[in-house]
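# Report on the structure
One letter stands for each residue in the lines below.
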Amino acid sequence: MDVMTAVLTRRSEHLLVEPAPSDQEFTYLLRAAATAPDHGRLRPWRWILVRGEGRAALGRCFAEDCPAPDHRRDQAQAAPRRAPLLATLVFAPVADQRIPEWEQLAAASAMTSSLTLLLHARGFGSIWRTGRFTESAGARRLLGLQPDERLLGWLYIGTPAQLQPRRRRIPDDVTDRVTVLTDQLVGAS
Ligand SMILES: Cc1cc2nc3c(=O)[nH]c(=O)nc-3n(C[C@H](O)[C@H](O)[C@H](O)COP(=O)(O)O)c2cc1C
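We now turn to the structure provided with this report. Predicted model, so just to flag it, every value in this text is computed and none were measured. (Residues numbered from 1 in each chain as written. Predicted model: local features only at pLDDT ≥ 70, side-chain atom pairs only at ≥ 80, totals over all residues. Heavy atoms only, no water.)

## Some thoughts on the site of the ligand
The environment of the ligand is formed by Arg10, Arg11, Ser12, His14, Ile127, Trp128, Arg129, Thr130, Gly131 and Arg169. The separation between an oxygen atom of the ligand and a polar side-chain atom of arginine 10 is 3.0 Å. Between tryptophan 128 and the ligand, the recorded distance is 2.9 Å, taken from a backbone N or O atom to a nitrogen atom. Protein contacts shield 51% of the accessible area of the ligand, which totals 620 Å² for the unbound molecule. Residue composition of the shell around the ligand, grouped by class: two nonpolar, four polar and four charged. (Near = heavy atom within 4 Å. Polar contact = N/O pair within 3.5 Å; in protein donor to acceptor, adjacent residues only side chain to side chain. Areas by Shrake-Rupley, 256 points an atom, 1.4 Å probe, with all protein chains shown as cover. Nonpolar A, V, L, I, M, F, W, Y, C, P; charged D, E, K, R; others polar.)

This is how it looks when you write it as structure tokens:
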């Protein structure tokens with residue numbers, strides 16, 4: 001799959017089933033994704049892969065952090081079952097005088113975007129989910145986060161339940177988001 005096709009046919013997939021990539025395949029794709037722009041090559045992130053019973057334990061943490069009523073708690077508890085693999089994205093900023101934290105967050109985001117495209121090109125689907133549970137104390141404890149680390153959410157990964165290939169998107173017109181600094185403007189300044 002060429003890059004343009006990958007970009008235009010990728011979707012956030014809500015219905016994900018087995019198979020998901022193995023730990024080895026995930027890591028293989030991550031090595032490629034980690035070549036995304038990363039000022040200083042700090043790798044200010046790490047991933048924690050959650051499957052099987054780990055998803056149930058994570059669901060219990062989500063439920064604990066969910067206010068009543070009970071049906072909301074049940075929904076929260078079941079949430080991690082929406083995909084066979086939950087890849088937890090942890091932001092681990094590095095103290096570096098040259099490279100501010102926002103740049104490190106941008107690098108983590110660039111890597112994740114590449115990873116979603118690589119997963120898609122391999123026939124897997126994913127969706128990046130965030131929300132209130134990124135603040136869950138129970139989830140932080142379960143996953144062993146350090147105080148200076150931040151949960152950036154979970155990439156829910158599996159195989160899209162929908163069998164037909166996604167159509168290419170017609171990209172939005174974003175020309176109004178582009179301006180050109182012309183020579184005349186430079187001269188007038
Ligand atoms: C940082 C980030 C957080 C997101 N969090 C959620 C989320 O909590 N729940 C959700 O359904 N989608 C979430 N998404 C996915 C977006 O909703 C999705 O990308 C958007 O709807 C566009 O759909 P598309 O990816 O198919 O183009 C998130 C995306 C990003 C980049």
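## Here we look at unusual backbone geometry
Cis geometry marks the peptide bond from glutamate 18 to proline 19, where omega comes out at 0°. For arginine 43, which is not glycine, the phi dihedral falls at a positive 50°. Of note, arginine 43 is situated in the loop between α2 (23-33) and β2 (45-50). (Helix = DSSP H or I, 4+ residues; strand = E, 2+ residues; numbered from the N terminus.)

## Details of empty space enclosed by the protein
Evaluation of the coordinates by the stated rule reveals one cavity of 30 Å³ or more. Listed by contribution, the elements that provide at least two residues to the lining of the largest cavity are α5 (101-121) and β4 (125-129). A total of three residues in the lining of the largest cavity trace back to one element, the largest contributor, which is α5. (1 Å grid on protein atoms, 1.4 Å probe; cavity = no way out; pocket = protein on both sides within 12 Å on 5 of 7 lines; lining within 4 Å. Points joined across faces, edges and corners; volume = space filled by probe spheres on them.)

## Examining the pairing of strand β5 (residues 150-160)
Extensive coverage of β5 is indicated by the burial of nine of its 11 residues. Sheet analysis places strand β1 (residues 16-17) next to β5, joined by two bridges and oriented antiparallel. Bridged to leucine 16 within β5 is proline 160. Bridge analysis of strand β3 (residues 85-91) against β5 gives six bridges, and the strand direction is antiparallel. (Buried < 20%, exposed > 50% of the residue type's maximum accessible area, 1.4 Å probe, protein only. Pairing = 2+ DSSP bridges.)

## A short note on a nonpolar patch on the surface
A cluster of nonpolar side chains, contributed by Leu181, Leu185 and Val186, occupies part of the molecular surface with about 310 Å² of accessible area. When you line up the elements, leucine 181 lands in the loop between β5 and α7 (183-188). (Patch = residues over 30% accessible without salt bridge, like charges linked within 9 Å, V, L, I, M, F, W, Y side chains within 5 Å. Salt bridge = Lys/Arg side-chain N within 4 Å of Asp/Glu carboxyl O.)

## Let's talk about the pairing of β4
With four of five residues buried, β4 lies mostly within the body of the structure. As judged from the five bridges shared by β4 and β5, these two strands associate in the antiparallel manner. Paired with tryptophan 128 across the two strands is leucine 155, which belongs to β5.

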